[in-house]
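Structural overview for review
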Amino acid sequence: MKAEFVVACATACPLIALAFCYIYPLLVDFSQINKTHCHVYNFLPSVSATISYNPLTSFFWFMLILIHTPFRFILAKYLHDFYKTQFSHKIPEDYVPFAYKTDYLKLTSVRKQIFFAYQINKVEIIGLFILSMFTSNSNYDMHKLGFCTYLISASVFKMLVLSIESRLKIEKLPNCYDVRKKLAITFALSFILAICLFTIHNSNCVYYVYSFFGLSEIILILSNITFHYWTINLMRKIYM
């Protein structure tokens, strides 16, 4: 299966689902979708609110996430195999013993990171599937579990990938370190901002806080999708 097709399906499906679940409710029922317990004006809802707006948005979101899930697993395997290939023969035979030992330890550490990154990547995919299967209206506890699993695993995955690709950059091997570092920082900042805004929203009824919380969620999701999309630049080296 062509890597370009895999990446396109893995990233386009959640983008289309996100766009539809926001645009449709905002067009047909702007006031209702932005209504909260605070009863203050907002211009943008949260992601969970748009997904669970009605059966149509819930079904549309779930179906596209369902379609994209196998492609995400394939993409995760592609990335894992790429990293393993890059670090398969990285110890020159003419190293002096001490240098050999030092490089060997570094190589062992990177290989462990590659393994854990692959496992965490799969946990992220499962978390996204769970939060999509159970909306906040149908089963809040399961939705919350999936959402937390998705956010935590996505954060850990990014840290592992940056560590691996920093090593690739040092070795002057194909990498996306610089771009992915910016995307990871964007993800982290939007994550922190979302937590702060959500806390403020639940404790104080302030105008637009809920909307900016929803906006931070969108930025978080888009930065995560783009982070995975950049895998295509690595895949071109071995699968195209």
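**A look at the overall build of the chain**
Helices and strands together make up the secondary structure of the chain, namely nine helices and zero strands. Across the chain, helices and strands are ordered from the amino to the carboxyl terminus as α-α-α-α-α-α-α-α-α. Principal-axis analysis of the C-alpha atoms gives the chain an extent of 70 × 40 × 30 Å. Looking at the chain as a whole, 45% of its 240 residues qualify as buried. Of the roughly 12400 Å² of accessible surface on the chain, a fraction of 69% belongs to carbon and sulfur atoms.

**Re the side chain of N42**
The residue N42 is located in the loop between α2 (30-33) and α3 (47-51) in this model. A polar contact is formed between the side chain of N42 and the backbone oxygen of V40, at a distance of 3.2 Å. Here S211 takes part through its side chain, which lies 3.2 Å from a polar atom of the side chain of N42. Ignoring anything within four residues of it in the chain, the contact list for N42 reads F30, N34, T36, Y208, V209, Y210 and S211.

**Focus: the nonpolar core**
Formed by 30 residues in total, the largest nonpolar core has its most connected members in Y83, F87 and L234. For this core, the elements supplying multiple residues, two or more each, are α1 (3-28), α4 (55-86), α5 (97-133), α6 (140-170), α7 (177-203) and α9 (231-235). When neighbours within four sequence positions are excluded, Y83 is seen to be in contact with I114, V161, I164, E165, L168, R180 and L234.

**Some thoughts on the packing of α4 against α6**
One can describe the packing of α4 onto α6 by two numbers: an axis separation of 11 Å at closest approach and a directional angle of 30°. The orientation of α4 relative to α6 falls into the category roughly parallel. Between α4 and α6 lies a crossing whose hand is left-handed. Judged by residue contacts, L79, F82, Y83 and Q86 of α4 engage F157, V161, I164, E165 and L168 from α6. Residues belonging to the contact of α4 with α6 are distributed by class as follows: seven nonpolar, one polar and one charged.

**Overview of the packing of aromatic side chains**
Inspection of every chain in the model, using the stated rule, returns 15 aromatic pairs. Between F157 and F227 the ring centres are 6.2 Å apart and the planes differ by 75°, which places this aromatic pair in the edge-to-face class. With a gap of 70 residues between them, F157 in helix α6 and F227 in helix α8 (residues 209-229) connect regions that are remote in the sequence. Since its relative accessible area comes to 1%, F157 is described here as buried. Sitting over the face of the ring of F187, K158 holds its NZ or CZ atom 4.2 Å from the ring centroid.

Calculation rules
- Residues numbered from 1 in each chain as written.
- Predicted model: local features only at pLDDT ≥ 70, side-chain atom pairs only at ≥ 80, totals over all residues.
- Heavy atoms only, no water.
- Helix = DSSP H or I, 4+ residues; strand = E, 2+ residues; numbered from the N terminus.
- Buried < 20%, exposed > 50% of the residue type's maximum accessible area, 1.4 Å probe, protein only.
- Areas by Shrake-Rupley, 256 points an atom, 1.4 Å probe, with all protein chains shown as cover.
- Polar contact = N/O pair within 3.5 Å; in protein donor to acceptor, adjacent residues only side chain to side chain.
- Contact = heavy atoms within 4.5 Å.
- Core = buried A, V, L, I, M, F, W, Y, C linked by side-chain atoms within 4.5 Å.
- Axes fitted to C-alpha atoms, helices over the stretch in contact; angles between N-to-C directions.
- Parallel < 35°, antiparallel > 145°, perpendicular 65-115°, else oblique.
- Left-handed = near helix turned anticlockwise from the far one by under 90°.
- Nonpolar A, V, L, I, M, F, W, Y, C, P; charged D, E, K, R; others polar.
- Phe/Tyr/Trp six-rings, centres within 6.5 Å; stacked < 30°, edge-to-face > 60°.
- Lys NZ or Arg CZ within 6 Å of the ring centre and 35° of its normal.

Shape is all these values report; function is a separate question.
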